[in-house]
Amino acid sequence: MTLRWSERAACRSADPEELFSKAPQQKKAKAVCVACPVRIDCLAEALDSRVAFGVWGGMTERERRSLLRRKPGVTSWRSVLEGARREHERPRAG
């Protein structure tokens, strides 16, 4: 049986109140996402599904709305995010 990404998420045992809190407490929720092994999966699902509330993949609802407005033509955020990760991890010539 394959685990869903949410079963490997760093926040799987967190209090939902912390993940769906108001702005001042969102920094705590975002901190949980920093080293999460499924951060891209989480963020891609939130962006593709237009999730309106909570911190997902290290982004607040305000940050996600802003990103969606800047890139309205994206049809698969998973592809975009994975491509950005590969680019970031690629060794630099120098």
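Coordinates for the structure precede this section.
Undergrad: Looking at this structure, I do not really get the packing of helix 3 (residues 39-48) against helix 5 (residues 77-89). What am I missing?
TA: The packing of two helices is summarised by the inter-axis angle and the distance between the axes. Between helix 3 and helix 5, the shortest axis-to-axis distance is 8 Å and the interhelical angle comes to 145°. For the pair helix 3 and helix 5, the crossing hand works out as right-handed. Contact residues: Ile-40, Asp-41, Leu-43, Ala-44, Leu-47 and Asp-48 in helix 3; Trp-77, Arg-78, Leu-81, Glu-82 and Arg-85 in helix 5. Among the residues forming the contact of helix 3 with helix 5, the class breakdown is six nonpolar, no polar and five charged.

Undergrad: Looking at this structure, how should I read the packing of helix 3 against helix 4 (residues 61-70)?
TA: The interhelical angle for the contact between helix 3 and helix 4, taken along N-to-C directions, is 65°, at an axis separation of 10 Å. Between helix 3 and helix 4, the angle is such that the two are roughly perpendicular. In terms of crossing hand, the pair formed by helix 3 and helix 4 is right-handed. Counted together, Leu-43, Ala-46 and Leu-47 of helix 3 and Arg-64, Leu-67 and Leu-68 of helix 4 form the full contact between these two elements.

Undergrad: What's the story with the layout of surface pockets in this structure? I'm lost.
TA: One water molecule sets the probe size; rolling that probe over the atoms shows where empty space is left. Taken as a whole, the largest pocket encloses approximately 190 Å³ of empty space. Trp-5, Ser-6, Ala-9, Cys-11, Arg-12, Leu-19, Phe-20, Cys-33, Cys-42, Val-55, Trp-56 and Gly-57 together form the lining of the largest pocket. Per-class residue counts for the lining of the largest pocket are nine nonpolar, two polar and one charged.

Undergrad: How do you make sense of empty space enclosed by the protein when you look at a structure like this?
TA: If you walk through the whole model with that rule in mind, you get one cavity of 30 Å³ or more. Taken as a whole, the largest cavity holds about 60 Å³ of empty space. Trp-5, Ala-9, Ala-10, Cys-11, Val-32, Cys-33, Cys-36, Val-38, Arg-39, Cys-42 and Gly-57 together form the lining of the largest cavity. Among the elements of the structure, helix 2 (23-33) and helix 3 are those that each provide at least two residues to the lining of the largest cavity. Split by residue class, the lining of the largest cavity holds nine nonpolar, one polar and one charged.

Undergrad: Where do I start with the environment of Arg-86 in this structure?
TA: Checked against the element boundaries, Arg-86 lands in helix 5. For Arg-86 and Glu-45, which are 41 residues apart along the polypeptide, the C-alpha to C-alpha distance reads 19 Å.

Undergrad: Please explain the pattern of salt bridges as it appears in this structure.
TA: If the charged atoms of two oppositely charged side chains come close together, the side chains can form a pair. Tallying each qualifying case throughout the model produces three salt bridges. The shortest N-O distance in the salt bridge between Asp-41 and Arg-78 comes to 2.7 Å. Of this pair, Asp-41 sits in helix 3 while Arg-78 is found in helix 5, placing the two residues 37 residues apart along the sequence. Residue class for Arg-78 comes out partly exposed when judged on its relative accessible area of 28%. Here Glu-87 makes a salt bridge to Arg-90, at a shortest N to O gap of 2.9 Å.

Cut-off values and rules
Here the residue numbers are simple positions, counted from 1 along each chain's written sequence. For this predicted model, a pLDDT threshold of at least 70 governs which residues receive local features, and a threshold of 80 or more governs which side-chain atom pairs are given and counted, while totals over whole chains, interfaces and linings are taken from all residues. Working from all heavy atoms in the structure, the side-chain values ignore hydrogens and water. Axes here refer to lines fitted to C-alpha atoms; in helices the fit is confined to the stretch in contact. Angles between the N-to-C directions go from 0 to 180 degrees. The numbering of helices and of strands both runs from the N terminus, where a helix is a DSSP run of H or I of at least 4 residues and a strand a run of E of at least 2. Crossings are classed by handedness, with left-handed meaning an anticlockwise turn of the near helix from the far one by less than a right angle and right-handed meaning a clockwise turn. By definition, residues are in contact when any of their heavy atoms lie within 4.5 Å. Residue polarity is assigned by list, with Asp, Glu, Lys and Arg as charged and Ala, Val, Leu, Ile, Met, Phe, Trp, Tyr, Cys and Pro as nonpolar; anything else, Gly included, falls into the polar class. Orientation categories follow fixed angle ranges, with anything under 35 degrees roughly parallel, anything over 145 roughly antiparallel, 65 to 115 roughly perpendicular, and all other angles oblique. Here a cavity denotes grid points, spaced 1 Å and computed from the protein atoms alone, that fit a 1.4 Å probe unable to get out, and a pocket denotes an open set having protein on both sides within 12 Å along at least 5 of 7 lines; residues with an atom within 4 Å of a point are the lining. Grid points are joined across faces, edges and corners, and a volume is the space filled by probe spheres set on the points. What makes a salt bridge here is a side-chain nitrogen of Lys or Arg within 4 Å of a carboxyl oxygen of Asp or Glu, nothing more. Categorising residues by exposure relies on relative accessible area from a 1.4 Å probe, with only protein chains included: less than 20% of the type maximum marks a residue as buried, more than 50% marks it as exposed, and the intermediate range marks it as partly exposed.

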